[in-house]
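Structure at a glance
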Amino acid sequence: MALVTFTQRLEDLKESANADFQKATTQALVEEARVKYLGAKNGLLKEVQKELGKISKEEKPLAGKALNETKQALQKALDEAESQIRSGVTAAGDQPLFDPTLPGTSYTLGHIHPITQTISELSDIMGRLGFSVVGGPEVEDEDHNFNALNIPQEHPARDPLDNFYLSFAQETNKTPMLLRSQTSTVQIRVMEKTKPPIRIVSLGRVYRPDTADATHYPMFHQMEGLYVDEKVTMADLKTVMHLFAKSYLGEGVKVRFRPSFFPFTEPSVETDFYWNGKWVEYGGAGMVDPNVFRAVGYDPEEVTGFAFGLGVERLCMRRHNVTDIRDLYQNDVQFLRQF
Ligand code: DAH
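This report concerns the structure included in the present document. Keep in mind the model is a prediction, meaning the values are calculated, not measured.

Rules of the game
Residue numbers restart at each chain and count upward from 1, following the sequence in its written direction. Predicted model: local features are reported for residues with pLDDT of at least 70 only, side-chain atom pairs are reported and counted for 80 or more only, and whole-chain, interface and lining totals are derived from all residues. The basis for the side-chain values is all heavy atoms of the structure; hydrogens and waters are excluded. A pair of strands is labelled paired if DSSP reports no fewer than 2 bridges between them. Only DSSP runs of H or I reaching four residues or more are called helices, and only runs of E reaching two or more are called strands; each is numbered from the N terminus. The rule is simple: take the accessible area with a 1.4 Å probe, protein chains only, and divide by the maximum for that residue type; under 20% is buried, over 50% is exposed, in between is partly exposed. A molecule or strand has a residue near it when one of that residue's heavy atoms lies within 4 Å. Contacts described as polar in this section are N or O atom pairs within 3.5 Å, which, within protein, must combine one atom able to donate a hydrogen with one able to accept it, while residues neighboring in sequence count only if both atoms come from side chains. Shrake-Rupley sampling with a 1.4 Å probe provides the accessible areas, and residues are treated as covered by the protein chains on show and by no other component. A pocket, in this scheme, is an open set of points on a 1 Å grid over the protein atoms alone with protein on both sides within 12 Å along at least 5 of 7 lines, while a cavity is a set where a 1.4 Å probe fits but cannot get out; residues line either one if an atom lies within 4 Å of a point. Grid points are joined across faces, edges and corners, and a volume is the space filled by probe spheres set on the points.

With that out of the way, let us pick up the sheet that holds strand S8 (residues 265–275). On the basis of which strands lie adjacent, the open sheet formed by seven strands has the order S1-S5-S6-S10-S9-S8-S7 and mixed pairing. Strands at the two margins of the open sheet, each flanked by one partner only, are strand S1 (132–133) and strand S7 (254–262). Sheet analysis places S1 next to strand S5 (residues 198–207), joined by two bridges and oriented parallel. Looking across to S5, one finds that Val133 is bridged to Val201.

So, in structure tokens, the structure goes:
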């Protein structure tokens with residue numbers, strides 16, 4: 001074979017390889033072109049190389065040199081195609097496939113709502129004080145929400161305007177049902193099923209048809225506590241309240257009881273905690289009324305107990321300096337993200 005024919009074939013090969021590598025805009029196309037031209041077994045360059053034997057001895061060095069140059073040119077075209085893919089620029093028109101300098105898509109993790117965080121923290125604290133956490137239904141009958149709690153028929157707490165009574169129960173003539181207005185219902189449910197001693201807390205939603213303002217919301221949360229055993233006294237109640245307040249708000253907390261009245265406790269108190277220079281009322285408490293014990297089949301001569309009900313939102317708001325309860329329920333991520 002004449003040297004010119006050989007070098008012409010190399011030229012043709014280089015031309016078509018350059019064209020193919022330039023068109024190769026994906027890794028797969030580049031690989032296809034690589035195998036086609038530079039493949040070790042059946043690559044087109046290999047085919048031409050086989051013709052080297054047919055070149056005369058004198059012309060062979062020149063032919064070999066031309067072959068090497070072509071091989072280097074092909075390798076260069078391959079390298080360029082690959083680096084263009086890596087940089088996201090196609091040879092065709094500098095159109096970026098992707099811009100590796102742009103920040104990536106970051107994943108934002110959701111997180112736990114402040115009220116849910118508060119509930120688990122309060123449960124932890126009470127757990128360490130020996131109270132186990134129990135739940136109860138949010139749709140209640142009037143037995144658990146009122147009757148067994150010693151709330152008389154004519155008591156204003158039963159007023160339809162102050163409760164979410166459920167119309168289906170009225171219509172089907174069953175016992176009146178409502179969205180529970182207090183977690184004290186859980187005291188009854190637990191005592192009905194369990195013999196003393198009892199040491200429980202229950203944290204959950206309660207409902208009252210209040211107009212929402214900075215301190216009211218038609219749904220909020222309470223932490224109910226109940227301790228029943230022999231010889232439980234008001235001193236135990238104050239100790240537990242103090243240990244709780246100290247754990248949740250911090251050292252320097254003071255606890256104050258003010259005389260009050262609840263149908264299910266006797267005596268009854270309002271419970272205030274002093275923290276950061278201010279007295280704030282967090283809920284009610286007292287010694288379980290003998291009538292409540294009788295309603296669940298306990299003998300008030302044998303056991304005594306204390307109960308308390310604290311506002312979860314109020315605890316959370318005071319601790320985190322939130323001044324409007326509605327902020328907790330607006331689902332404004334800007335606000336919630338802070339917790
Ligand atoms: N259930 C009362 C309320 O919602 C709070 C309360 C007061 C709960 C005294 C108690 C208690 O367990 O002993 O206003």
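Next comes the rest of the description.
Turning our eyes to something else, we now look at the sheet that holds strand S4 (residues 177–179). Strands sit in the order S2-S4-S3 across an open sheet of three strands; the sheet is antiparallel. Each end of this open sheet is capped by a strand with a single partner; those strands are strand S2 (139–141) and strand S3 (164–165). Bridging between S2 and S4 involves three bridges; their strand directions are antiparallel. Each bridged residue has a counterpart across the sheet, and for Val139 the counterpart in S4 is Leu179.

Structurally, Tyr282 is set in strand S9 (residues 278–288). Given the relative accessible area of 2%, Tyr282 is considered buried. Remark: the alpha-carbon pair of Tyr282 and Gln222, spanning 60 residues in sequence, is separated by 9.9 Å.

Below, the discussion takes up the site of the ligand. The environment of the ligand is formed by 15 residues, the closest being Gln182, Gln187, Arg208, Gln222 and Glu224. Measuring from an oxygen atom of the ligand, one finds a side-chain N or O atom of Arg208 at 2.8 Å. Ala307 places a main-chain nitrogen or oxygen 3.2 Å from an oxygen atom of the ligand. When the free accessible area of the ligand is taken as 350 Å², the share hidden by the protein chains comes to 90%.

There is about 1,200 Å³ of room inside the largest pocket. Lining the largest pocket we find 46 residues, and of these Arg208, Phe220, Gln222, Tyr282 and Arg314 sit closest to its centre. Of all the secondary structure elements, the ones that give two or more residues to the lining of the largest pocket are strand S6 (219–229), S8, S9, strand S10 (304–311) and helix H11 (312–320). Quantified by volume, the second largest pocket comes out at close to 160 Å³. Forming the boundary of the second largest pocket are Thr108, Leu109, Gly110, His111, Ile112, His113, Val333, Leu336 and Arg337.

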